[in-house]
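Chain by chain, the residues run as shown.
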Amino acid sequence: MFYLIGLLSVIFFALAISVISKSIKLNKALVADENTDSALDSNNNANAYGMIIFWALGTIAGVWSFLVAQPDFLPVAASEHGLRTDSMFWVSMAVVTFAFFATNTLLLFFAFKYRYNKNRKATFYPVNHKLELIWTVIPAIVMAILVFTGWRTWRDITSQAPSDAVVIEITGHQFGWYVRYGGNDDNQLGNYNYKLIDETNNIGIDFTDKHSFDDFTATELHLPKGKPVLLKIHAQDVLHSVYLPFHRVKMDAVPGMPTKFWFTPNMSTDEMRAKLGKKDFNFKLNCTEICGRGHFGMAITVFVDEPEDYAKWCAEQKPFLATNPTYLAKVPENLKAKASKYIPAEPVAVDSAAAPAEEAVSVN
Ligand SMILES: [Cu+2]
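Residues numbered from 1 in each chain as written. Predicted model: local features only at pLDDT ≥ 70, side-chain atom pairs only at ≥ 80, totals over all residues. Heavy atoms only, no water.

Another aspect to go through is unusual backbone geometry. With an omega of 0°, the peptide bond running from glutamine 174 to phenylalanine 175 counts as cis. Looking at where phenylalanine 175 falls in the secondary structure, it is placed in the loop between β1 (166-173) and β2 (176-181). Located in the positive-phi region is arginine 248, a residue other than glycine, with phi close to 55°. Topologically, arginine 248 is positioned in the loop between β6 (240-244) and β7 (249-253). The exposure class assigned to arginine 248 is buried, which follows from its relative accessible area of 18%. (Helix = DSSP H or I, 4+ residues; strand = E, 2+ residues; numbered from the N terminus. Buried < 20%, exposed > 50% of the residue type's maximum accessible area, 1.4 Å probe, protein only.)

As for its position among the elements, aspartate 214 is in the loop between β2 and β3 (216-218). For aspartate 214, a relative accessible area of 3% gives the class buried. Those residues in contact with aspartate 214 that lie beyond four places of it in its chain are Gly182, Gly183, Asn184, Asp185, Asp186, Asn187, Pro319 and Tyr342. (Contact = heavy atoms within 4.5 Å.)

Reference values for angles at a metal are 109.5 degrees in the four-donor tetrahedral case and 90 or 180 degrees in the six-donor octahedral case. The coordination sphere of the copper ion contains the protein donors His240 (ND1), Cys287 (SG), Cys291 (SG) and Met298 (SD), at a distance range of 2.1 to 2.6 Å. Counting gaps between the donor residues of the copper ion yields the pattern H-x46-C-x3-C-x6-M. The pair formed by cysteine 291 and methionine 298 is uniform in burial state, with each residue classed as buried. (Donors = N, O, S within 2.8 Å, 3.2 Å for Na, K, Ca; no water.)

What follows deals with the pattern of salt bridges. Counting across every chain of the model gives 8 salt bridges. With a shortest N-O distance of 2.7 Å, arginine 248 and aspartate 86 are connected by a salt bridge. Of this pair, arginine 248 sits in the loop between β6 and β7 while aspartate 86 sits in helix α3 (residues 80-113); the two residues are 162 residues apart in sequence, bridging distant segments of the chain. An identical accessibility class is assigned to arginine 248 and aspartate 86; each is buried. Measuring nitrogen to oxygen at the nearest pair gives 2.9 Å for the salt bridge that ties glutamate 169 to arginine 180. In this pair, glutamate 169 sits in strand β1 while arginine 180 sits in strand β2, placing the two residues 11 residues apart along the sequence. One salt-bridge network, held together by shared partners, links Arg84, Arg155 and Asp156. (Salt bridge = Lys/Arg side-chain N within 4 Å of Asp/Glu carboxyl O.)

Attention shifts here to the pairing of β6. The side chains of a regular strand alternate, first on one face of the sheet and then on the other. Of all the 5 residues making up β6, 4 are buried; the element is thus mostly covered by neighbouring parts of the structure. In this structure, β6 lies alongside β7, joined through 5 bridges in antiparallel fashion. Across the sheet, leucine 244 pairs through a bridge with valine 249, a residue of β7. The antiparallel pairing of β6 with β7 creates a hairpin that spans 4 residues between the two strands, and arginine 248 there sits at a positive phi of about 55°. Of the strand pairs in this sheet, β6 and strand β9 (residues 283-287) are connected by 2 bridges, and their pairing is antiparallel. When the bridges of β9 are listed, valine 242 appears paired with cysteine 287. (Pairing = 2+ DSSP bridges.)

Right, let's talk about the packing of aromatic side chains for a bit. Tallied over the full model, the rule gives 17 aromatic pairs. Between the aromatic rings of phenylalanine 66 and tryptophan 90, the centroid separation amounts to 6.4 Å while the plane-to-plane angle is 85°, which identifies the pairing as edge-to-face. Residue phenylalanine 66 is found in helix α2 (residues 36-69), and its partner tryptophan 90 is found in helix α3; the two are separated by 24 residues along the sequence. Overall, the relative accessible area of 39% leaves tryptophan 90 in the partly exposed class. (Phe/Tyr/Trp six-rings, centres within 6.5 Å; stacked < 30°, edge-to-face > 60°.)

Spatial strand order, β4-β10-β9-β6-β7: 5 strands in an open sheet with mixed pairing. At either margin of the open sheet sits one strand with a lone partner, and together these are β4 (221-224) and β7. When strand polarity is set aside, the average angle formed by the axes of neighbouring strands in this sheet is 25°. With 4 bridges connecting them, β4 and strand β10 (residues 299-305) associate as parallel partners. (Axes fitted to C-alpha atoms, helices over the stretch in contact; angles between N-to-C directions.)

Distances and angles like these do not, on their own, reveal function.
Have a look at this one:
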């Protein structure tokens, strides 16, 4: 790669030297006012051929850089809507590349073909309405189609999630993500309130809401393959951004303004490992908002499981209340009986002291 860049630099440098030396000669010729025509002709020729060389080298360099960069492209999207955004991206890319290539080819070729020639008489060609109409209307129609398709895709992927979607809460903080699931019994997230945050309950789960009782937190994100997933996104301190590159999901996490995003993973972690030929590959949820010093490490591992493996993993998780039974004190009297169901039968004095450290889901 470096040799090619070096070679191109040498060629461009030589061209620059030749253009400069020709200009100097032309200047001298003009000053001396002799052989003006031949000096002009040779410079026009040099410039004209320079245009064609530039076009050829530019085309080769463009194709080469695309091919060389290909191994670094993300592979096929691992979610349904990712496939849609990808196809939209490549269609736009094709249109833009075609327009760029066609206009620049014409620009450089015309500069070559119609360089000054004293034997040729210029044609007076002030306006052509048909031509103007063609090159205004066609790009306008193409742009309108692209914009409309983009708007439709955006509308679909940010629309209301299906009612059977798995709802997962993602809370960004400097520098990690807290993950909360709606629980195995009601599959509904309970309320939260920032005033309830303490060193153990770091999301501020509100235990006056009965939906909170079976909620569980996790240090990694598990998603079921082939089922819609709704991420409810919060931030506790500064702007963060939820980014799942392989699923083409990106949504800002804004303090005080909940955001959301729903998508359907269509490839399990194992399938992606097989596709990439990397046994230890894992999906990631990264932060893509420069949110402070530890921003670079603000990521958690994402596992896309087959539905039965996902169900098994969920069943193994313990509700927050079960690992932190002291929070039973926060439950209103009339709901205590319902909440007690989640408290382990044996005395858990030792466990409850140890639990907070385990439950502090700080992932860096
Ligand atoms: Cu961040």
